[in-house]
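So you can see what is in the structure, the chains are spelled out below.
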Amino acid sequence: MASNLKKVSIFIIFMACLCTKALSQCEDQTNNPCNNKSKALPLKLIGIAAILVTSIIGVSLPLLTRSIPALSPDRSLFVIVKAFASGIILATGFMHVLPDSFDMLRSPCLDGNPWQRFPFTGFVAMLSAVFTLMVDSMATSMYTRTNNAVADEDVEPRDQEMPLAVINDGGMHLHGHHHGPKGTVGQQLLRYRVVAMVLELGIVAHSIVIGLGVGASNDVCTIKPLVAALCFHQMFEGMGLGGCILQAEYKTLKKTVMIFFFSVTTPFGIVLGILLSKSYKENSPGALIAVGVLNASSAGLLIYMALVDLLAADFMGPKLQGSIKLQMKSYAAVLLGAGGMSLMSKWA
């Protein structure tokens, strides 16, 4: 027991020395002439309101326009708009979240060993992508098993023995896996629901991190362009999530809950950053490691979701595979969305 306490004490002293060394290296970086707490606070409050409104508009737009025939999920225009939003989500992972994580986990404020010698950002992003695959796969299996169990309970034994059709009062009633009782949900609909849930999880995670950084910063030179960039980012990213929520065909309550969480996470992160601004230091080793790892995790999740569950699922689906012309339009939409979000990284 004494030996273990001695080892722990040595470890704590060693970490304290590393942190002190890192902080001394970063003292010059914190002396920014643009730092002005009194001027930064009103900008943050304006940013909270602006980001909240644009987030609500972005995520609600696909749901509000579902009554427009041209924007219904089975129309080509909806596919093109969704491809545009998917390109934005892909660029968010590659061009915004992943580079931020590289900068943080390779910061000179951190000790050279191991942070400068091992690519932690790539490693964490890789693990996050694999973990997202696991969640995606297992959640789909659980949804399917639960749905099949409900279907089997609702179907009467005599119905199970007659898989093709039953003639009753001059009408034909078909019994099948996807056309059974009211509780059954199609396999494709299950996938849409899993995709919407996992995508929301990834977006919420990185939105809180982004908001925390804005709220904790007092740099008036960067807050203005950053808030403007985040408004556009949240609107178009919300459109991608809103399209997934629309395809998932959730009930009104669940749609409202998902819209609420997406809309308030970035403003909540800003408020949290404001409250923690006295103790939260952007260049401290603890903050750099925590935020860097969270950014890497979010990047891996967003990149996986954009490539696998959004783009690949749509482009390999029957609708796009049946039309080369629609594929080309959708590819152009993807490049336009990804390119626009990539250019925005100059200010964000």
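Residues numbered from 1 in each chain as written. Predicted model: local features only at pLDDT ≥ 70, side-chain atom pairs only at ≥ 80, totals over all residues. Heavy atoms only, no water.

(A) Examining the packing of aromatic side chains more closely. For the structure on display, the rule yields 6 aromatic pairs. Judged by centre distance (4.9 Å) and plane angle (70°), the ring pair of F118 and F120 falls under edge-to-face. The class for F120 is partly exposed, based on a relative accessible area of 21%. Summarising the aromatic geometry, the rings of F260 and F261 are spaced 5.6 Å apart at their centres and angled 75° between planes, so their arrangement reads as edge-to-face. Among the residues examined, F260 registers a relative accessible area of 48% and is labelled partly exposed. (Phe/Tyr/Trp six-rings, centres within 6.5 Å; stacked < 30°, edge-to-face > 60°. Buried < 20%, exposed > 50% of the residue type's maximum accessible area, 1.4 Å probe, protein only.)

(B) Looking closely at unusual backbone geometry. Although it is not a glycine, E249 sits at a positive phi angle of roughly 55°. Its location among the elements puts E249 in the loop between α8 (220–248) and α9 (252–275). (Helix = DSSP H or I, 4+ residues; strand = E, 2+ residues; numbered from the N terminus.)

(C) Up close: the UniProt feature "transmembrane region" (unreviewed entry) in the protein. As annotated in UniProt, the feature "transmembrane region" (unreviewed entry) corresponds to residues 40–64, 76–98, 118–135, 194–214, 226–246, 258–276 and 288–307 in the numbering used here. For the annotated span residues 194–214, helix accounts for 100% and strand for 0% of the residues, and the straight-line distance between the end C-alpha atoms is 31 Å. (UniProt positions renumbered as here; feature names shortened; annotations may be inferred.)

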